[in-house]
Amino acid sequence: MPEYEFVDVYVPRGVSRKDATRLLTDHAEYGHWELERLSLLRDGSRRVRLRRRIIRQLRATW
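Residues numbered from 1 in each chain as written. Predicted model: local features only at pLDDT ≥ 70, side-chain atom pairs only at ≥ 80, totals over all residues. Heavy atoms only, no water.

Here we look at helix α1 (residues 17-31)
Note on helix geometry: an α-helix contains 3.6 residues per turn, so any two residues three or four positions apart are oriented the same way.
Next, step 1: For α1, which comprises 15 residues, the first-to-last C-alpha distance of 21 Å matches the rise-based estimate of 21 Å (1.5 Å per residue) to within 8%.
Next, step 2: Along α1, the positions that sit buried rather than exposed are Ala20, Leu24 and Gly31. In a view along the axis of α1, the buried residues occupy a sector of 70°, so they form one face of it. Residues Lys18 and Tyr30 are exposed on α1 and point more than 90 degrees away from its buried face.
Next, step 3: Turning to α1, the residues buried within the fold contact β1 (3-11), β2 (34-40) and β3 (46-54). (Helix = DSSP H or I, 4+ residues; strand = E, 2+ residues; numbered from the N terminus. Expected span 1.5 Å × (residues − 1). Buried < 20%, exposed > 50% of the residue type's maximum accessible area, 1.4 Å probe, protein only. Arc of directions from axis to C-beta. Contact = heavy atoms within 4.5 Å.)

Below, the structure is given as structure tokens:
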């Protein structure tokens, strides 16, 4: 079963949808994050949870 690490990103109310998209695209492209959950809060801000897979390297045995 794959293991993931998570990061929460808070996007304030005044940030446009276009700027929020650019921010999340940069996280995805350069940090290899993928969107797990996006919550739109009552005040208009967004709470975004991103995840990426943890790749564990096994030791070579001789």
